[in-house]
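Descriptive structure summary
Chain residues, written in single-letter form:
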Amino acid sequence: KESLDFPLLVVDERLHVTHFNHAANAKLPRDDMQPDVSIASIEWNFDLVDVLPKIREVLRGGQAVESQIQFEGGRVFQLRVMPAMSTDNSAISGAVLIFADVSERQAAEMALREREAMYRLTFDQSPLGMALLRPSLQFMRVNGALRQMLDYPNEELLSRTVTSLVAEDSNLLQTGLAELLSGK
């Protein structure tokens, strides 16, 4: 348990701490966290009222549950509560609480969503005709400016390739596209 880099806490059926690892001490710094102390008496940096029902649910039903909890200071943790079995595996003797810090992942996901929204807005609102093409040169997405330039409805363009819009004898375009696709 000491080699884990995420906080791990084990409580018994009375909701008293039985074990915790070094990461729990480092990332959930509580001076009052000690074995056989009720988790309700520990002053946490998150709202324990949201967590207690989840622990009780696991103690009653034996099924693991997950929840996100917000820590003071804005950190977000994914909490997984799993049953701790007795040594003979005959009964639930407590619950294992695993805290995974997902703050950075959530920030990265938010930044990605913002960049994707900015890209879509730029693509869709551009006065320049723009298209995304599949490797087969079939249109995958076209913006309004290109639809207007080519005077084709969206559905028809999406069913066509770039080369189907150009006269058969336009070898220059075909050669240029082939070179582009081959990486030359």
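Residues numbered from 1 in each chain as written. Predicted model: local features only at pLDDT ≥ 70, side-chain atom pairs only at ≥ 80, totals over all residues. Heavy atoms only, no water.

1. Remarks on the nonpolar core
Across soluble globular proteins, you tend to see nonpolar side chains buried next to one another. Counting residues in hydrophobic clusters, the biggest one holds 28 residues, and the most contacted among them are Ile39, Trp44, Ile55, Leu97 and Phe99. For this core, the secondary-structure elements that each account for two or more residues are β1 (8–12), β2 (17–20), α2 (48–61), β3 (65–70), β4 (76–85) and β5 (92–101). At six residues, α2 tops the list of elements feeding residues into this core. For Phe99, the residues in contact, after removing those within four places along its chain, are Phe6, Pro7, Leu28, Phe46, Ile69, Phe71, Phe77, Gln78 and Leu79. (Core = buried A, V, L, I, M, F, W, Y, C linked by side-chain atoms within 4.5 Å. Buried < 20%, exposed > 50% of the residue type's maximum accessible area, 1.4 Å probe, protein only. Helix = DSSP H or I, 4+ residues; strand = E, 2+ residues; numbered from the N terminus. Contact = heavy atoms within 4.5 Å.)

2. Structural notes on the packing of aromatic side chains
To describe a pair of aromatic rings, one takes the distance between the centres and the angle between the planes. Summed over all chains, the structure comprises two aromatic pairs. Centroid distance Phe77 to Phe99: 6.5 Å. Interplanar angle 80°. Geometry classified as edge-to-face. Note that Phe77 is positioned in strand β4 and Phe99 in strand β5, a separation of 22 residues in sequence. A single burial state applies to Phe77 and to Phe99, both of which are buried. With 5.9 Å between their ring centres and 35° between their planes, Tyr119 and Phe123 make a pair best called tilted. Here Phe123 and Tyr119 lie together in helix α3 (residues 103–125), a separation of four residues that amounts to about one turn. Since its relative accessible area comes to 1%, Phe123 is described here as buried. (Phe/Tyr/Trp six-rings, centres within 6.5 Å; stacked < 30°, edge-to-face > 60°.)

3. Re the pattern of salt bridges
Scanning the entire structure with this criterion turns up seven salt bridges. Between Asp12 and Arg14 there is a salt bridge, and its shortest N-O distance comes to 2.7 Å. Asp12 sits in the buried class, given a relative accessible area of 9%. With a shortest N-O distance of 3.7 Å, Arg105 and Glu109 are connected by a salt bridge. With Arg105 and Glu109 both in helix α3, this residue pair falls four residues apart, about one helical turn. Here Glu109 falls in the partly exposed class, since its relative accessible area comes to 36%. Connected via shared salt-bridge partners are Asp12, Arg14 and Asp36. (Salt bridge = Lys/Arg side-chain N within 4 Å of Asp/Glu carboxyl O.)

4. Comments concerning unusual backbone geometry
Even without glycine at this site, Leu137 takes up a positive phi of about 70°. You can see Leu137 is positioned in the loop between β6 (131–133) and β7 (139–142). Given the relative accessible area of 13%, Leu137 is considered buried. Backbone geometry at Asp151 places phi at a positive 55°, although glycine is not the residue there. Counting through the fold element by element, Asp151 comes out in the loop between α4 (144–150) and α5 (154–158).

Any link to function would need more than the numbers given here.
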